[in-house]
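Residue-level listing of the chains:
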Amino acid sequence: LKPGPKTPREREKHKTMMNGSRCFNINKDGSVSPASAPFLTFGISPYPEVLLVKRDSPNRLIFKNAKLLSRCQSELKKFNNRIRHAGVGLELLSHPGYSLVQVRKEWFVSKPFSGGHIGLGPNHKTLKVKLLQDGRINLHNKEGSLRVYSGKLLEGQPIVVGKFTLWYKLLYLQTQH
């Protein structure tokens, strides 16, 4: 096993790097962009996988409930992420009748986290999420969060549902205390 960051400076660098791939902003047009790369947004290509695309791409996804998601984030900020909320469905305005869904049930493991692919699917299977005050988009059932798969904020990188693996929680997060 590769040891985690040891110094406060290394931990801060690692935290910044990791948050870049899992913190997002809701744009005025209803699209979602990585906070560290506002020139990119969620999109599709090839169908049905969700990837990062250029913000002006005709393949970008526009979310029907973007304003509601932002409003819920404001409420969570007021109460420090401690309110119960059923989550907001990720229905699409750009693709009527479709939502973001988990397209493959099997989970892959990639070093610090495991995850599942997301894509377009019927509205009745929509993922329900909460946009936290720091920009993370968590599933309402706490079974993970949306993130850029490789951590590299480049066009074509897939968006996945991910969660930290047990060994990562045990080894790395305990060194943070």
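Residues numbered from 1 in each chain as written. Predicted model: local features only at pLDDT ≥ 70, side-chain atom pairs only at ≥ 80, totals over all residues. Heavy atoms only, no water.

1. Considerations on the pattern of salt bridges
- For the structure shown, the criterion picks out two salt bridges.
- Ionic pairing is found between aspartate 29 and arginine 60, a salt bridge with its closest N-O pair at 3.5 Å. In this pair, aspartate 29 sits in the loop between strand S1 (24-26) and strand S2 (32-34) while arginine 60 sits in the loop between strand S4 (50-54) and helix H2 (66-78), placing the two residues 31 residues apart along the sequence.
- Classification of aspartate 29 by relative accessible area gives partly exposed; the value is 35%. (Salt bridge = Lys/Arg side-chain N within 4 Å of Asp/Glu carboxyl O. Helix = DSSP H or I, 4+ residues; strand = E, 2+ residues; numbered from the N terminus. Buried < 20%, exposed > 50% of the residue type's maximum accessible area, 1.4 Å probe, protein only.)

2. Things to note about the environment of proline 158
- The residue proline 158 is located in the loop between strand S11 (145-148) and strand S12 (159-164) in this model.
- As a C-alpha pair, proline 158 and leucine 52 span 106 residues in sequence and 6.4 Å in three-dimensional space.
- Leave out the neighbours within four places in its chain, and proline 158 touches Glu49, Val50, Leu51, Arg147, Val148 and Tyr149. (Contact = heavy atoms within 4.5 Å.)

3. Observations concerning empty space enclosed by the protein
- Within this structure, the stated rule accounts for one cavity of 30 Å³ or more.
- Here the largest cavity is characterised by a volume of approximately 70 Å³.
- Lining the largest cavity are 13 residues, and of these Ile26, Val32, Phe63, Leu69 and Leu90 lie nearest its centre.
- Put simply, the parts of the chain that give the lining of the largest cavity at least two residues each are H2 and strand S5 (88-89).
- Its residues assigned to classes, the lining of the largest cavity comprises 11 nonpolar, two polar and no charged. (1 Å grid on protein atoms, 1.4 Å probe; cavity = no way out; pocket = protein on both sides within 12 Å on 5 of 7 lines; lining within 4 Å. Points joined across faces, edges and corners; volume = space filled by probe spheres on them. Nonpolar A, V, L, I, M, F, W, Y, C, P; charged D, E, K, R; others polar.)

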